[in-house]
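# Survey of secondary and tertiary structure
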Amino acid sequence: MQDPDAPGGVFTHWVLYNISPQTKLIPQNLPKTSVTPLGYQGYNDFGKIGYGGPCPPPHQTHRYVITAIAINKKVKLPPNLTIRKFLAKIRDYVIDTATYVGLYKRSEK
């Protein structure tokens, strides 16, 4: 999950990979560990493993882009990858992608 509207450029909030193709649901509150029952998690741009939620500047709506990537080969990947390292390792095997874009704005207090 990435925020392309972040002030410093594209900001990665979550890297989740090695998910079974049969997965139909990603549960809430997945542990912030490298290896989970669902798959592996990598480093986000907060410098941490797992999901880091959105926090756009006040009065701004940001786009949060979730991209699912299908590959045509089982690739042995270690946990703890950054998005750049993950994409580099699967680059030659990508057969399709799907993208969901959600909008988020912090509530006014």
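Residues numbered from 1 in each chain as written. Predicted model: local features only at pLDDT ≥ 70, side-chain atom pairs only at ≥ 80, totals over all residues. Heavy atoms only, no water.

### Some thoughts on the side chain of Asp3
Put simply, the rule reads: Think of it this way: any DSSP run of H or I at least four residues long counts as a helix, any run of E at least two long counts as a strand, and we number them from the N terminus. Burial classes: relative accessible area under 20% of the type maximum marks a residue as buried, over 50% as exposed, and values in between as partly exposed (1.4 Å probe, protein chains only). Note on charges: Lys and Arg go in the positive column, Asp and Glu in the negative column, and His and the chain ends are not counted at all. The salt bridge definition used is simple: a Lys or Arg side-chain nitrogen within 4 Å of an Asp or Glu carboxyl oxygen. Pairs of N or O atoms within 3.5 Å make up the polar contacts considered here, provided that, within protein, one atom can donate a hydrogen while the other can accept it, and that residues adjacent in sequence are counted only when both atoms are side-chain atoms. Contacts between residues were defined by any pair of non-hydrogen atoms, one from each residue, lying within 4.5 Å.
Topologically, Asp3 is positioned in strand 1 (residues 2-3). Salt bridges are absent for the buried Asp3, whose nearest opposite-charge side chain, Arg63, sits at 6.5 Å. Of the polar contacts made by the side chain of Asp3, one reaches the backbone nitrogen of Ala6; its length is 3.3 Å. Reaching out from Asp3, the side chain makes a polar contact with the side chain of His62 at a distance of 2.6 Å. Ignoring anything within four residues of it in the chain, the contact list for Asp3 reads Gly9, Val10, Phe11, His13, His62, Arg63 and Tyr64.

### Topic: a nonpolar patch on the surface
Put simply, the rule is: In this analysis, a patch consists of residues with relative accessible area above 30% that form no salt bridge, clustered at 9 Å for like charges and at 5 Å for the nonpolar side chains Val, Leu, Ile, Met, Phe, Trp and Tyr. All accessible areas in this document rest on Shrake-Rupley with a 1.4 Å probe, and a residue is counted as covered only by the protein chains that are shown.
On the surface, Ile69, Ile71, Leu87 and Val94 cluster together into a nonpolar patch covering about 260 Å² of accessible area. Topologically, Ile69 is positioned in strand 5 (residues 61-71). For Ile69, a relative accessible area of 31% corresponds to the partly exposed category.

### Section: the packing of aromatic side chains
Remark: the centre distance and the inter-plane angle together describe each pair of aromatic rings, the angle taken between the planes. We apply this condition: Here a Phe, Tyr or Trp ring, Trp counted by its six-membered ring, pairs with any other such ring whose centre lies within 6.5 Å, and the pair is stacked when the planes are under 30 degrees apart, edge-to-face when over 60, and tilted otherwise.
With the rule as written, the count across this model stands at five aromatic pairs. A centroid spacing of 5.4 Å and a plane angle of 75 degrees characterise the contact between Trp14 and Tyr51, whose relative ring orientation is edge-to-face. You can see Trp14 sitting in the loop between strand 2 (11-12) and strand 3 (16-17) and its partner Tyr51 sitting in the loop between strand 4 (40-41) and strand 5, a full 37 residues away along the chain. Taking the relative accessible area as the measure of exposure, Trp14 reaches 18% and is therefore buried. Taking the centre distance of 5.9 Å and the plane angle of 85 degrees together, the rings of Tyr17 and Tyr40 count as edge-to-face. Placement of Tyr17 in strand 3 and of Tyr40 in strand 4 is noted, with a sequence separation of 23 residues between them. You can call Tyr40 partly exposed: its relative accessible area is 23%.

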